[in-house]
Amino acid sequence: MEEQDLTFDAMGSHVRLLVGEPGPDSALRPAAEAVGGARAFVEEYDAALSRFQPQSAICALNDDPREVVPASPLVRRAVRAGIEAAELSDGLVDPTLVGEIEDVGYVTSRAGLAGEPLPEALAAAPPRQPAHPRADRRWREMAVDDEAGTVTRPPGLRFDTGGTGKGLAADLIAARLRGYPRYVIDCGGDIRIGGAGALVGGDDAVQADDRHDRAAAAERPCDPAQKSGVFRHQATLDPAVM
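Residues numbered from 1 in each chain as written. Predicted model: local features only at pLDDT ≥ 70, side-chain atom pairs only at ≥ 80, totals over all residues. Heavy atoms only, no water.

Participant: For this particular structure, what's the right way to read the pattern of salt bridges?
Facilitator: Side chains that differ in charge, positive against negative, can pair when their charged atoms come close. The tally for this structure, following the rule as stated, stands at 14 salt bridges. Two residues, Glu3 and Arg182, come together in a salt bridge whose shortest N-O distance is 3.2 Å. One end of the pair, Glu3, is in strand β1 (residues 3-10); the other, Arg182, is in the loop between α6 (165-176) and β6 (183-187), and 179 residues separate them in sequence. The class of Glu3 is partly exposed, set by a relative accessible area of 33%. Residue classification places Arg182 among the buried positions, given a relative accessible area of 6%. The closest approach of N and O atoms between Glu43 and Arg39, which form a salt bridge, is 3.1 Å. Note that Glu43 and Arg39 are positioned in helix α1 (residues 31-49) at a spacing of four residues, about one turn of the helix. On the basis of relative accessibility, which here comes to 40%, the residue Glu43 falls in the partly exposed class. According to the relative accessible area criterion, Arg39 is partly exposed, its value standing at 31%. Via salt bridges that share partners, Arg51, Glu102, Arg158 and Asp160 belong to a single interconnected network. (Salt bridge = Lys/Arg side-chain N within 4 Å of Asp/Glu carboxyl O. Helix = DSSP H or I, 4+ residues; strand = E, 2+ residues; numbered from the N terminus. Buried < 20%, exposed > 50% of the residue type's maximum accessible area, 1.4 Å probe, protein only.)

This is the structure we're talking about:
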């Protein structure tokens, strides 16, 4: 089966998209167009949700002095995903630790920078200890109101998509590709596989060969409510974020 395979840089990492061609009688766009549309979506997504881009919508939310802030459907979806991940992990995944992350030096994007060899990085790291949530659990102070189109939080409480952003991106791309015979989406290691032709282990299986940890879960049929990464986002997809 023919497929389109595209790799590009986005969200501070690598993104790889593989999409099988729809059948000759399908009303779906050719796979090349679907891949191009998905790439454009990822670039728009990154531009809106990166805390490293001062003009981004997430930076505008973080800098807004109001308690109740109008927010786009995409920003609301991202904030909701972060809150849900915090709830499911009892605060171990906390999207409100922006200040703490910056205090240890993660102020600008590391995209394009060479990493330290793993042995050296481990040797330089502080002693390992069990993770624990921040005691004040400030993520509980954030709320999303889709009817009003707003995000509510105390002024100065900043939000970061780092823990959930790539997984949410993979989920939203999967929703765009629903109906294609098979697809693989790898957003920096957050992977979605779908389509009736994506049976892992079969003669016509998609091989998820990437530069990250290899992990895949076959989904048949493709269901936007399926999990990607550590959280399950709301199944009803708003066309405005697509």
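Participant: How should α6 be read in this particular structure?
Facilitator: Compared with the 16 Å implied by 1.5 Å per residue over 12 residues, the 17 Å span of α6 between its first and last C-alpha is a close match. Among the 12 residues in α6, 10 count as buried, and that is most of the element. Against β2 (13-20), α1, α3 (73-88), β6 and β7 (190-194) lie the buried residues of α6. (Expected span 1.5 Å × (residues − 1). Contact = heavy atoms within 4.5 Å.)

Participant: Whenever I open this one, the environment of Gly162 confuses me. Can you help?
Facilitator: Among the secondary structure elements, Gly162 is positioned in the loop between β5 (150-152) and α6. For Gly162, a relative accessible area of 53% translates into the label exposed. When the C-alpha atoms of Gly162 and Leu49 are compared, they prove to be 9.5 Å apart, with 113 residues separating the residues in sequence.

Participant: Looking at this structure, I do not really get the sheet that holds β5. What am I missing?
Facilitator: As summarised here, the arrangement of the three strands in space is β3-β5-β4, forming an open sheet in which the pairing is antiparallel. At either margin of the open sheet sits one strand with a lone partner, and together these are β3 (68-70) and β4 (143-145). Geometrically, the sheet is characterised by an average inter-axis angle of 25° between neighbouring strands, direction not taken into account. Across three bridges, the pairing between β4 and β5 is antiparallel. Paired with Asp145 across the bridge in β5 is Thr150. Contacting β4 and β5, α3 crosses the sheet at an angle of about 140° to β4. (Pairing = 2+ DSSP bridges. Axes fitted to C-alpha atoms, helices over the stretch in contact; angles between N-to-C directions.)

Participant: Sorry if this is basic, but what is going on with the packing of α1 against α6 here?
Facilitator: Think of two packed helices as two axes; the pair is described by the angle between the axes and how far apart they sit. α6 packs onto α1 with a crossing angle of 150° between their chain directions and a minimal axis gap of 11 Å. Helix-helix and strand crossings are classified by hand; for α1 and α6 the assignment is right-handed. Only Gly165, Leu168, Ala169, Leu172, Ile173 and Arg176 of α6 make contact with α1, whose side of the interface consists of Gly37, Ala38, Phe41, Val42 and Tyr45. Tallied by class, the residues present in the contact of α1 with α6 amount to eight nonpolar, two polar and one charged. (Left-handed = near helix turned anticlockwise from the far one by under 90°. Nonpolar A, V, L, I, M, F, W, Y, C, P; charged D, E, K, R; others polar.)

Participant: What's the story with the layout of surface pockets in this structure? I'm lost.
Facilitator: One simple way to see leftover space: roll a probe sized like a water molecule over the atoms. As a volume, the largest pocket reaches approximately 500 Å³. Considering the residues around the largest pocket, the lining is formed by 23 residues, among which Met11, Gly12, Phe52, Tyr106 and Lys166 are closest to the centre. Sorting the residues of the lining of the largest pocket by element identifies α1 and α6 as the ones contributing at least two each. Split into classes, the residues belonging to the lining of the largest pocket amount to eight nonpolar, 10 polar and five charged. (1 Å grid on protein atoms, 1.4 Å probe; cavity = no way out; pocket = protein on both sides within 12 Å on 5 of 7 lines; lining within 4 Å. Points joined across faces, edges and corners; volume = space filled by probe spheres on them.)

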